[in-house]
Amino acid sequence: MKYYLIAGEASGDLHGSNLMRGLLKSDPAARFRFWGGDRMAEVGGAENRVRDYRETSFFGIVGVLRNLRTISRQLRECREDVLRYAPDVLILVDYPGFNMKMARFAKEHGIRTFYYIAPKVWAWREWRVKAIRRYVDRLYIIFPFERDYFPRHGITPVFEGNPLLDAIAARSATLPSREEFGRANGLDERPVVALVAGSRRGEIEANLPLMCALAPRFPHYQFVVTGVSWLDRGLYDRHLAGTDVRMVVDQTYETLRNAVAAVVTSGTATLETALMRIPEVVVYRTVWWQVWLRPYVLKVPFISLVNLNLGREAVRELVQSSADPTEAQRALGAILPGGSERERMLGDYDELHAVMGGPGASDRFARDMVAELRKGATNGDRKAENRTIHERDTHHRHHSRRLRAARLAAGRTPRRGQRRKAPPQRPHGRQRVCRKGSGAGAVAPHDSPYGGRRHGGAGHRHHPDDVAASPRGGHAADPRLGADRDSRRGRRCHHHGHRTPQTQKITPETLNP
């Protein structure tokens, strides 16, 4: 079968590559086309890669606004490429800002869609859960607590464990020893404390100064920052100058494996550190307005994935005002060798390993995907089904606009929640001709695609013969309505049965001037 995968971040490239290996085990004839990085290219072939994820990753509001044209162009390019490739399934790997748009596109074009690693709607932007329910055919989750969350929103997810365990297991066999790691990076013999400050510029600017301030408070330990190669080295050097803190690049797992403890910025790294059984303190500092908005946009009680999965504060979280050097010193000292919290935290890590599902999650996810594709509906049936859904939704949107325009034309207030705006004169460039009989070219309003339930809205005009028969330029009134009927409700057209809005009362004088 043909698989099209989209990953837009380094973590997505890692998990996407492991998933592709699992797909090849369950479907040896699998063919791939993908957006991803070097790890996915190793499995699927560099010739099948459309774009590297480094070309598509834009973080923060400012970064997105500066690259709106680039993002729009890449989205258009991705849509065209998916249609040309005509895959059996589109597999979206995390990266919700881009991938949710592709999910809608795929649904409208009858392409089956699997979402691997669900968007974190339980934390913020919960409105996305409606789009997931509507556009995603099968949702694959990697956190145990999500098994309770998504069913409450009408979605049946698939949980087979967490692929981080596979990534860690694959890397563990190749990680260097403590002596090799220290010799390669010029470290001394003191035990290592890892400083994982994140992979984004804003995270590093906000959290690295606090981490570096801990070094002189623990002189018997060597503090090492895990940097990333795609950020300017000067970003780190500004904060490391004048300190005893060392830095390594693109060696996060190597550093954690040889550390006795870690100070970690909130994110996936908190879970990676725990799964590697390294006691940690989680810190998170940001700008003041994001802290002010946190109670309104953040829907979870913890910021660490370790605590979210265990349902309690197993690792200490220091957020904004509590993230000061004195409090961080106290928390770190408690988890260093001989500290009061170290053994308790290691016991919590044993429980975490049990609830995460064990190794082999990538293969189990892949096996479920292949089985679902083989027993699912044919691509042609699905295209026809989704085309019908799309046409129905388009009809409802147009009909709703028609009704709002008709109410405004009749001088009536739009219903609550509807914006009041001037009706267009010629919707979609057409006008409906309403006249008696069914001669050539005559189209009654109730035969229009908008339903024709009201008269007088934008786009409706009378035939000249009927205009002459009406005292106000409308349809000839039905005498059965009575002479004192308030025209605010409109006169009934005796040709088609719908009402025509008027602004004067129907009296014998107006009917027979």
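This text goes with the structure placed above it.
Presented here is an overview of the structure given in this document. This one's a predicted model, so the numbers in the text were calculated from it and none came from an experiment.

1. Here we look at the sheet that holds strand E2 (residues 31-36)
Remark on secondary structure: sheet strands pair via backbone hydrogen bonds, oriented parallel or antiparallel.
Then, in step 1: With parallel pairing, seven strands are arranged side by side in an open sheet as E3-E2-E1-E4-E5-E6-E7. Unpaired on one side and paired on the other, strand E3 (49-52) and strand E7 (158-159) mark the two borders of the sheet.
Then, in step 2: Where helix H1 (residues 10-26) meets the sheet, it contacts strand E1 (2-7), E2, strand E4 (89-93) and strand E5 (113-116), and its direction lies at approximately 165° from that of E1.
Then, in step 3: Of the strands in this sheet, E1, E2, E3 and E4 touch helix H4 (residues 68-85), which is tilted by about 170° from E1.

2. Topic: H1
Then, in step 1: For H1, with 17 residues, the first-to-last C-alpha span of 25 Å sits near the 24 Å given by 1.5 Å per residue.
Then, in step 2: Those residues of H1 that fall on the buried side of the exposure criterion are Gly12, Asp13, Leu14, His15, Gly16, Ser17, Asn18, Leu19, Met20, Gly22 and Leu23.

3. A few points about the pairing of strand E10 (residues 246-249)
Within a regular beta strand, the side chains point alternately toward one face of the sheet and then the other, so they alternate between its two faces.
Then, in step 1: As paired strands, strand E9 (residues 222-227) and E10 are joined by four bridges and run parallel to one another. What sits directly across from Val225, in E10, is Met247.
Then, in step 2: For the handedness criterion, the β-α-β arrangement of E9, helix H11 (residues 233-240) and E10 is classed as right-handed.

4. Section: the pattern of salt bridges
Then, in step 1: This model, assessed by the stated rule, comprises 26 salt bridges.
Then, in step 2: With its nearest N and O atoms 3.0 Å apart, the salt bridge here joins Lys25 to Asp363. With a gap of 338 residues between them, Lys25 in helix H1 and Asp363 in helix H18 (residues 361-375) connect regions that are remote in the sequence.

5. Observations concerning the sheet that holds strand E11 (residues 259-265)
Then, in step 1: With parallel pairing, the six strands of this open sheet are ordered in space as E10-E9-E8-E11-E12-E13. Looking at the sheet topology across the chains shown, the edges are occupied by E10 and strand E13 (316-319). Neighbour-to-neighbour, the strand axes of this sheet turn through a mean angle of 25°, independent of strand direction.
Then, in step 2: Strand direction decides the pairing type here: strand E8 (residues 192-196) and E9, joined by four bridges, are parallel. Note on E9: the bridge partner recorded for Val192 is Gln222.
Then, in step 3: Against the sheet, helix H13 (residues 268-275) touches E8, E11 and strand E12 (280-284), its axis set at about 165° to E11.

6. Section: the packing of helix H5 (residues 96-108) against helix H6 (residues 128-135)
Then, in step 1: Two elements in contact, H5 and H6, have axes whose closest approach is 9 Å; the angle formed by their N-to-C orientations is 35°. Judged by the sense of rotation from one axis to the other, the crossing of H5 with H6 is left-handed. Of the residues in H6, those touching H5 at Pro96, Gly97, Met100, Ala103, Arg104 and Lys107 are Arg128, Ala131, Ile132, Arg134 and Tyr135.
Then, in step 2: For the contact of H5 with H6, a count of residues per class yields six nonpolar, one polar and four charged.

7. Some details on the pairing of E4
Then, in step 1: For E4, the buried fraction is high: five of the five residues fall into the buried class.
Then, in step 2: Residues of E4 alternate between two faces, with Val89, Ile91 and Val93 on one and Leu90 and Leu92 on the opposite face, all of them buried.
Then, in step 3: Note that E4 and E5 share four bridges and pair parallel. Looking across to E5, one finds that Ile91 is bridged to Phe114.
Then, in step 4: Each parallel crossover has a hand, and the one from E4 via H5 to E5 is right-handed.

About the thresholds
As a convention, each chain's residues are numbered from 1 in the sequence order in which they are written. Only residues with pLDDT of 70 or above have their local features reported here, since the model is predicted, and side-chain atom pairs are shown and tallied only from 80 upward, although totals for entire chains, interfaces and linings are computed over all residues. For the side-chain quantities, the full set of heavy atoms in the structure was used; hydrogens and water were omitted. Any two strands are treated as partners once DSSP identifies two or more bridges connecting them. A run of H or I in DSSP becomes a helix once it reaches four residues, and a run of E becomes a strand once it reaches two; helices and strands are each numbered from the N terminus. What makes two residues a contact is simply this: any of their non-hydrogen atoms within 4.5 Å. To obtain an axis, a line is fitted to C-alpha atoms, over the contacting stretch when the element is a helix, and the angle between two such axes runs from 0 to 180 degrees between their N-to-C directions. To estimate the expected span of a helix, count its residues, drop one, and scale the result by 1.5 Å. Each residue is assigned to one of three classes by its accessible area relative to the maximum for its type, calculated with a 1.4 Å probe on protein chains only: buried under 20%, partly exposed between the two thresholds, exposed over 50%. The handedness rule is simple: strands pointing away from the viewer, and a clockwise path from the first strand over the helix to the second, make the crossover right-handed. Take a side-chain nitrogen of Lys or Arg and a carboxyl oxygen of Asp or Glu: if they are within 4 Å of each other, that pair is a salt bridge. By convention the crossing between two helices is left-handed if the near helix lies anticlockwise of the far one by an angle smaller than a right angle, and right-handed if it lies clockwise. Note that Gly is not counted as nonpolar here; it falls among the polar residues with everything else outside the nonpolar set of Ala, Val, Leu, Ile, Met, Phe, Trp, Tyr, Cys and Pro and the charged set of Asp, Glu, Lys and Arg.

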